[in-house]
Number of protein chains: 2
Amino acid sequence: MEFMEERIRRDGRVAPGEILKVDTFLNHQIDVSLIRQIAKALKEHFGNREITKVVTIEASGIAIASITAEELGVPMVFAKKSKSRNLNSDTYKSRVYSYTHDRYYDIVVNENALNDNDKVLLVDDFLANGQAMQGLLDICRQAGADVAGIGICIEKSFQPGGKALREEGYDVLSMAKIKSLENGTVEFEQ
Amino acid sequence: MEFMEERIRRDGRVAPGEILKVDTFLNHQIDVSLIRQIAKALKEHFGNREITKVVTIEASGIAIASITAEELGVPMVFAKKSKSRNLNSDTYKSRVYSYTHDRYYDIVVNENALNDNDKVLLVDDFLANGQAMQGLLDICRQAGADVAGIGICIEKSFQPGGKALREEGYDVLSMAKIKSLENGTVEFEQ
């Protein structure tokens, strides 16, 4: 989407390690009018799929998921990052590896928040290696919920997450796809 | 507010330790239309104070802050819970004690997200002992930002946080004030 690429070009900042900093408008300070534009684009693409819930992971996905859920007129659910090793019997749980922090963490969703009548739109701010998204898919599988699609703000398409998800048959819509962050420069997929 | 009390009566659940579970509509699965109602109530009360930013803490405050920020037409900022002990020179930082988890954690806000031209509305889902809110106030003080008010979804008024903030002169608006959770029953302030 042109609006997202423009915003990244204007306010994004490339940091060492192929990191794109978007903390002035997307995941720390948040321009809510941009989020509304993203939500409308997601509704345009996924709006006719009888979605019953929008699901994300804390924390950066919550603003996007909330406003997208409002567009679609459905509740939103955010998976919590769990530090405790307690297995609650009434939660779905999946283990996620974070490349950023080089550690595993668990994500949990209450059983009463997701079930086999649900048709889910998964959303997140970034898609890179796709570990967090695979964790959400695992939780949807445990709940027996259908996944109607995946909405992403910024996909780093030089990392394998998006390709793997599409090969698994998921409809992944990314607002911006970044081909390269080499030499401190953002290059978008055409 | 009547709408909030009604919803808590209908869908809230009291757990041992005077805990009010609202995870089916407020802080895990989220009824976004309820959040919009909250945002409108906050706008009605605080809307004429030239607020420039809505600020909260991850994760449960983010949905409320996002939609309130949209109502007010300003950006929102969420303080991050930091596990690292690194002192970044370009962040405001405050230490918060969590009664729930009996431990200290740091919250951080980037310096470029808050400054002495800002007039801030602080929001959160719960106010009990007020530790998290005091951390946000500390960060606003560091930034030189004015605090125009504090908006809370559920205040446990049998705990001291709200009283202390009002004695310090802050205008705290709570959607629901809970006087007691004894014997598994929710009693509201009149």
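Just so you know, these numbers come straight off a predicted model, no measurement behind them.

## Considering the overall build of chain A
- Helix and strand content of chain A: five helices and 11 strands.
- Out of the 190 residues belonging to chain A, those deemed buried represent 56%.
- Long-range pairs, those at least 24 residues apart, make up 59% of the contacts in chain A between residues at least 6 apart in sequence.
- When the accessible surface of chain A is totalled, it reaches about 8600 Å², and 42% of it is carbon and sulfur.
- Once the 24 positive and 29 negative side-chain charges of chain A are each reduced to a mean point, those two points are 3 Å apart.

## Describing the interface of chain A and chain B
- Between chain A and chain B, the contact holds 29 residues from the first and 29 residues from the second.
- Looking at the side of chain A facing chain B, the largest losses of area belong to His28(A), Gln29(A) and Val32(A), adding up to 26% of the total buried there.
- At the junction of chain A and chain B, the tally comes to two salt bridges.
- Across the salt bridge formed by Glu70(B) and Arg36(A), the nearest N and O atoms sit 2.7 Å from each other.
- Summed over the shared surface of chain A and chain B, the result is 12 residue pairs in polar contact (both at pLDDT 80 or more).
- Sorting elements by how many residues they give to the side of chain A that touches chain B places helix α3 (residues 61-72) of chain A first, with six residues.
- Residues belonging to the side of chain A that touches chain B are distributed by class as follows: 15 nonpolar, eight polar and six charged.
- As defined by bridge partners, strand β3 (residues 29-30) of chain A adjoins strand β5 (residues 76-82) of chain B across two bridges and the pair is classed as antiparallel. Each residue of the ladder has a partner; that of Ile30(A), found in β5(B), is Met76(B).

## Brief notes about the packing of aromatic side chains
- For the structure shown, the criterion picks out four aromatic pairs over all chains.
- Judged by centre distance (4.9 Å) and plane angle (80°), the ring pair of Tyr97(B) and Tyr99(B) falls under edge-to-face.
- For Tyr99(B), a relative accessible area of 49% puts it in the partly exposed group.
- An aromatic cluster is present here, built from Tyr97(A), Tyr99(A) and Tyr104(A) joined pairwise through their rings.
- Against the face of Tyr105(A) rests Lys81(A), its NZ or CZ located 5.3 Å from the ring centre.

## Describing the pairing of strand β7 (residues 103-110) of chain A
All names here are of chain A.
- Buried residues dominate β7, accounting for six of its eight residues.
- When strand β5 (residues 76-82) meets β7, the two strands line up antiparallel, connected through three bridges. The partner of Ser82 across the bridge, within β7, is Asp106.
- Strand direction decides the pairing type here: strand β6 (residues 91-98) and β7, joined by eight bridges, are antiparallel. Note on β7: the bridge partner recorded for Arg95 is Asp106.

## Quick look at helix α2 (residues 32-46) of chain A
- In this model, α2(A) (15 residues) spans 20 Å end to end at C-alpha, consistent with the 21 Å of a helix rising 1.5 Å per residue.
- Of all the residues in α2(A), the buried ones are Val32(A), Leu34(A), Ile35(A), Arg36(A), Ile38(A), Ala39(A), Ala41(A), Leu42(A) and Phe46(A).

## Things to note about unusual backbone geometry
- Backbone torsion omega between Glu58(A) and Ala59(A) reads 0°, so that peptide bond is classified as cis.
- Positioned with a positive phi, Glu50(A) is a non-glycine residue whose angle comes to about 55°.
- Inspection of the secondary structure puts Glu50(A) in the loop between α2 and β4 (53-57).
- The residue Glu18(B) is not glycine, and still its phi comes out positive at about 55°.
- Tracing the chain through its elements places Glu18(B) in the loop between β1 (13-15) and β2 (19-21).

## Digging into the UniProt feature "binding site: 5-phospho-alpha-D-ribose 1-diphosphate" (unreviewed entry) in chain A
Residue and element names in this part refer to chain A.
- Per the UniProt record, the feature "binding site: 5-phospho-alpha-D-ribose 1-diphosphate" (unreviewed entry) sits at Ala128, Asn129, Gly130, Gln131 and Ala132.
- On the secondary structure map, Asn129 appears in the loop between β8 (119-127) and α4 (131-143).
- Excluding anything up to four places from it in sequence, Asn129 contacts Tyr99, Gln159, Pro160 and Gly161.
- Along the polypeptide, Gln131 turns up in helix α4.
- Note on Gln131: relative accessible area 29%, which makes it partly exposed.

## Side note on the nonpolar core
- Core analysis: the biggest nonpolar cluster contains 80 residues, and Met4(A), Leu26(A), Ile38(A), Met4(B) and Ile38(B) have the highest contact counts within it.
- In this structure, Ile38(B) is in contact with Phe3(B), Met4(B), Leu26(B), Ile64(B), Cys153(B) and Met175(B), ignoring residues within four places of it in sequence.

## Observations regarding the relation of the copies chain A and chain B
- Mapping chain A onto chain B is achieved by rotating through 180° and translating by 0.0 Å along the same axis, at an RMSD of 0.0 Å. Both copies of the chain, as the preceding transformation shows, are related through a two-fold rotation axis.
- A symmetric contact is evident, with 100% of the interface residues of chain A recurring at the interface of chain B.

## Here's the deal with the state of the cysteines
- Enumeration according to the criterion identifies zero disulfides over all chains in this entry.
- Of the cysteine sulfurs around Cys140(B), a residue in no disulfide, the closest is that of Cys153(B), at 18 Å.

Conventions adopted
- Residues numbered from 1 in each chain as written.
- Chains lettered and ligands numbered in written order.
- Predicted model: local features only at pLDDT ≥ 70, side-chain atom pairs only at ≥ 80, totals over all residues.
- Heavy atoms only, no water.
- Helix = DSSP H or I, 4+ residues; strand = E, 2+ residues; numbered from the N terminus.
- Buried < 20%, exposed > 50% of the residue type's maximum accessible area, 1.4 Å probe, protein only.
- Contact = heavy atoms within 4.5 Å.
- Areas by Shrake-Rupley, 256 points an atom, 1.4 Å probe, with all protein chains shown as cover.
- Lys, Arg positive; Asp, Glu negative; His and termini not counted.
- Charge placed at Lys NZ, Arg CZ, Asp CG, Glu CD.
- Buried area = accessible area lost by both parts, 1.4 Å probe.
- Salt bridge = Lys/Arg side-chain N within 4 Å of Asp/Glu carboxyl O.
- Polar contact = N/O pair within 3.5 Å; in protein donor to acceptor, adjacent residues only side chain to side chain.
- Nonpolar A, V, L, I, M, F, W, Y, C, P; charged D, E, K, R; others polar.
- Pairing = 2+ DSSP bridges.
- Phe/Tyr/Trp six-rings, centres within 6.5 Å; stacked < 30°, edge-to-face > 60°.
- Lys NZ or Arg CZ within 6 Å of the ring centre and 35° of its normal.
- Expected span 1.5 Å × (residues − 1).
- UniProt positions renumbered as here; feature names shortened; annotations may be inferred.
- Core = buried A, V, L, I, M, F, W, Y, C linked by side-chain atoms within 4.5 Å.
- Least-squares fit on C-alpha atoms with pLDDT ≥ 70 in both.
- Disulfide = S-S within 2.5 Å.

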